[in-house]
Amino acid sequence: MRVSEQATAEAAARELGGFLERRREQIAQRWADAPLFRTVFTVSRDEAVEACKAVVDALADVASTGRLENVAAPGFDSAREQLGRMAASRARSGYSPAQIAEEAAALRPVTAELLHGETSDPSGDEARDVMLALTVLMGTLRLVIMETTINAGEELIARQRQQLLEVATPVISLWEGIVAVPLIGTLDSARSQVVMESLLQAIVEQRARYAILDITGVPTVDSLVAQHLMKTVAAARLMGAECVVSGIRPAIAQTIVHLGIDLGSVVTRSTLADALAHALSRQGIEVSRRTAGVNPR
């Protein structure tokens, strides 16, 4: 951009910033009725107006710097939290980032109408330059909103994934001093970390001396899964609990032998019932079948 063009663009940006400051109240009142704000702030219209004012202030700050195309401009920092709340709310309602960006685009016409009405010569070069600056600035706002929406969506997915991991790895108290974690599905690094943290927390809270890792629901055991199991067993031992791995099916036993995985230091049992019986016997508790026809007294 040549020096004269740059000077013209900077002057238009400053003029736009002044307009946004002067018409802050009117712009906010009109924006409050736009879908992007109206559908998010349903309790009070005044709350929507205040949110609009925060965004207008951010745009005025950006315009004053002349950096209309910079999504990382400091002026947007004050409005990102507000925009994040709005974007997350619309995303939860099922709107895609593109749809939310279209709602943001609807803010420009009402703003342009106010700007047009304030200009003495709408067809003049200065008026066109300021209108162009508004178009660029509102385009940048759309990008900021899309960026915020995508980030909010990623954070929501991460939270939901963590919640699913926690739900999928419950720690069950089987007996006094005995806890168990029934594992179902693939055991990857992220889930293994959740299993270890949940198990260690349960060992501390319940003062468990025995912990059972039941892998009956784990479809395959490879070297990575075995490594995760060994780390969990080692961590449980450091907490003073003996770990028993149950659910060792014939196919899994053959796979472990074929891979050369050494589980010699780990107590293993074929079923969860066998593992529980082992833990009970280590505590001096014997479980026997009731004799038919004999009623306990």
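For clarity, every value in this text was computed on a predicted model and none was experimentally measured.

How each quantity is defined
Residues numbered from 1 in each chain as written. Predicted model: local features only at pLDDT ≥ 70, side-chain atom pairs only at ≥ 80, totals over all residues. Heavy atoms only, no water. Pairing = 2+ DSSP bridges. Helix = DSSP H or I, 4+ residues; strand = E, 2+ residues; numbered from the N terminus. Axes fitted to C-alpha atoms, helices over the stretch in contact; angles between N-to-C directions. Contact = heavy atoms within 4.5 Å. Expected span 1.5 Å × (residues − 1). Buried < 20%, exposed > 50% of the residue type's maximum accessible area, 1.4 Å probe, protein only. Polar contact = N/O pair within 3.5 Å; in protein donor to acceptor, adjacent residues only side chain to side chain.

**Q** Before we go on, may I ask you to explain the sheet that holds strand E1 (residues 172-175) in this structure?
**A** Pairing between the strands of a sheet is mediated by backbone hydrogen bonds and can be parallel or antiparallel. The strand order E1-E2-E3-E4-E5 describes an open sheet built from 5 strands, whose pairing is mixed. Edge positions in the sheet fall to E1 and strand E5 (267-269), since each has one partner strand and no second. For this sheet, the mean angle separating the axes of adjacent strands, direction not counted, is 30 degrees. The sheet contact formed by strand E4 (residues 242-246) and E5 spans 3 bridges and is parallel. Of the residues in E5, the one forming a bridge with valine 245 is threonine 268. Where helix H10 (residues 223-238) meets the sheet, its contacts fall on strand E2 (178-184), strand E3 (210-217) and E4, and the angle it forms with E3 comes to roughly 165 degrees.

**Q** Explain the pairing of E1 here, please?
**A** Working note: regular strand, side chains alternate between the two faces of the sheet. Two strands pair when backbone bridges link them, and E1 and E2 are joined in this way by 3 bridges, in the antiparallel orientation. Paired with serine 173 across the bridge in E2 is valine 179.

**Q** I keep staring at helix H4 (residues 45-65) and nothing clicks. Help me out?
**A** Residues spaced three or four apart along an α-helix point in a common direction, a consequence of the helix completing one turn every 3.6 residues. For H4, spanning 21 residues, the distance from its first C-alpha to its last is 31 Å, which sits close to the expected 30 Å at 1.5 Å a residue. Regarding H4, the residues found buried are Ala48, Val49, Ala51, Cys52, Lys53, Val55, Val56, Ala58, Leu59, Ala60, Val62 and Ala63. Two residues or fewer past H4, glycine 66 is found with a positive phi of approximately 80 degrees.

**Q** Please clarify how the side chain of serine 246 should be interpreted in this entry.
**A** One can find serine 246 in strand E4. Assessed through its relative accessible area of 0%, serine 246 is described here as buried. There is a polar contact of 2.6 Å between the side chain of serine 246 and the side chain of aspartate 214. Here serine 246 is in contact with Ile212, Leu213, Asp214, Ile215, Thr216, Arg269, Thr271, Leu272 and Ala275, once residues within four sequence places are set aside.

Shape is all these values report; function is a separate question.
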